[in-house]
Amino acid sequence: MKHTLSVLVEDEAGVLTRIAGLFARRGFNIESLAVGPAEKVGISRITMVVPGDERSIEQLTKQLYKLINVIKVQDITTTPCVERELMLIKVNGSSSTRSEIIELAQVFRARVVDIAEDSLTIEVVGDPGKMVAIIQILSKFGLREIARTGKIALIRESGVNTEYLKSLEAKV
């Protein structure tokens, strides 16, 4: 199972290296990684997606707390969260296919951020499922390049689990 970990760290040189080293020594692969300033000056939030079972993630969390500069570690996998990714995708696009590509981008609430003679670059923001879906749809035109951020996530203070609500709507 994939787990999403949210780690607050002191914004010091070498923190990310120590965390990555811990994962490498334990044989964990980091599938997604996003780092940026948190709500307090001098604190950064690292959001990671890592595969593992409950026991191994619990052990990894304990090991993270032993590292200098780690303030807080949360496994937010099953917690209601707002999750987003950003993706830039460059697609082949001739004058004959350009309008179809733009229409498809609009369906996904994506924005065309660059148009060249034979390609379009599209910016997509959303949950990871949206990223996979738009890649599948646009692949028929030919994908030139893709750049994706890692997943970022914050716990929903409302406690509303939108994934649960979506599953209820699907059953109706």
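Residues numbered from 1 in each chain as written. Predicted model: local features only at pLDDT ≥ 70, side-chain atom pairs only at ≥ 80, totals over all residues. Heavy atoms only, no water.

### Focus on the packing of aromatic side chains
Then comes step 1: Applying the stated criterion across every chain yields a total of 1 aromatic pair.
Then comes step 2: The interplanar angle of 70 degrees and the centroid separation of 6.2 Å between the aromatic rings of F23 and F28 together place this pair among those described as edge-to-face.
Then comes step 3: Of the residues examined, F23 reaches a relative accessible area of 1% and is grouped as buried. (Phe/Tyr/Trp six-rings, centres within 6.5 Å; stacked < 30°, edge-to-face > 60°. Buried < 20%, exposed > 50% of the residue type's maximum accessible area, 1.4 Å probe, protein only.)

### Digging into the sheet that holds strand 1 (residues 2–10)
Then comes step 1: Read from one edge of the open sheet, 4 strands run 2-3-1-4, paired in antiparallel fashion. Because the sheet does not close on itself, it has two edges, and the strands there are strand 2 (32–37) and strand 4 (70–75). Mean inter-strand twist for the sheet, computed between neighbouring axes without regard to direction, equals 15 degrees.
Then comes step 2: Here strand 2 pairs with strand 3 (residues 43–51) via 6 bridges, running antiparallel. Across the sheet, residue S32 finds its bridge partner in strand 3, namely V49.
Then comes step 3: Helix 1 (residues 15–25) rests against strand 1, strand 2, strand 3 and strand 4 of the sheet, and its axis sits at about 20 degrees to strand 3. (Pairing = 2+ DSSP bridges. Helix = DSSP H or I, 4+ residues; strand = E, 2+ residues; numbered from the N terminus. Axes fitted to C-alpha atoms, helices over the stretch in contact; angles between N-to-C directions. Contact = heavy atoms within 4.5 Å.)

### Let's talk about helix 4 (residues 128–138)
Then comes step 1: Those residues of helix 4 that fall on the buried side of the exposure criterion are K130, M131, I134, I135 and L138. Taken end-on, helix 4 shows its buried residues confined to a sector of 135 degrees, consistent with a single buried face.
Then comes step 2: Buried residues belonging to helix 4 abut strand 5 (81–92), helix 3 (98–107), strand 7 (119–126) and strand 8 (143–148).
Then comes step 3: You can read the cap of helix 4 off the contacts: a side-chain oxygen lies 2.9 Å from the backbone nitrogen of G129, and it is on D127. (Arc of directions from axis to C-beta. Polar contact = N/O pair within 3.5 Å; in protein donor to acceptor, adjacent residues only side chain to side chain.)

### Quick word on the nonpolar core
Then comes step 1: Among the nonpolar cores identified, the biggest contains 17 residues, and L5, V7, I19, F23, M48 and L64 are the most heavily contacted of them.
Then comes step 2: The set of elements that each furnish at least two residues to this core consists of strand 1, helix 1, strand 3, helix 2 (54–66) and strand 4.
Then comes step 3: Among the elements that line this core, the one with the most residues is helix 1, at 4 residues.
Then comes step 4: Among residues more than four places away in sequence, those in contact with L5 are F23, I46, T47, M48, V50, I57, L60, L64, Q74 and D75.
Then comes step 5: Counting 15 residues, the second-largest nonpolar core is a separate cluster that includes V91, F108, M131 and F141. (Core = buried A, V, L, I, M, F, W, Y, C linked by side-chain atoms within 4.5 Å.)

### A short note on unusual backbone geometry
Then comes step 1: The phi torsion at N69 lies on the positive side, around 80 degrees, for a residue other than glycine.
Then comes step 2: Tracing the backbone through its elements, the reader meets N69 in the loop between helix 2 and strand 4.
Then comes step 3: Owing to a relative accessible area of 12%, N69 belongs among the buried residues under this scheme.
Then comes step 4: Within the chain, R109 stands out as a residue other than glycine whose phi angle is a positive 55 degrees.
Then comes step 5: Along the chain, R109 falls in the loop between helix 3 and strand 6 (111–115).

### A few points about the side chain of K151
Then comes step 1: Tracing the backbone through its elements, the reader meets K151 in the loop between strand 8 and strand 9 (152–155).
Then comes step 2: On the basis of relative accessible area, K151 is assigned to the buried category, the value being 11%.
Then comes step 3: Separated by 3.0 Å, the side chains of K151 and T4 make a polar contact.
Then comes step 4: Beyond its immediate stretch of four places on either side in the chain, K151 contacts T4, S32, A34, T47, V49, E83, R84, E85 and P128.

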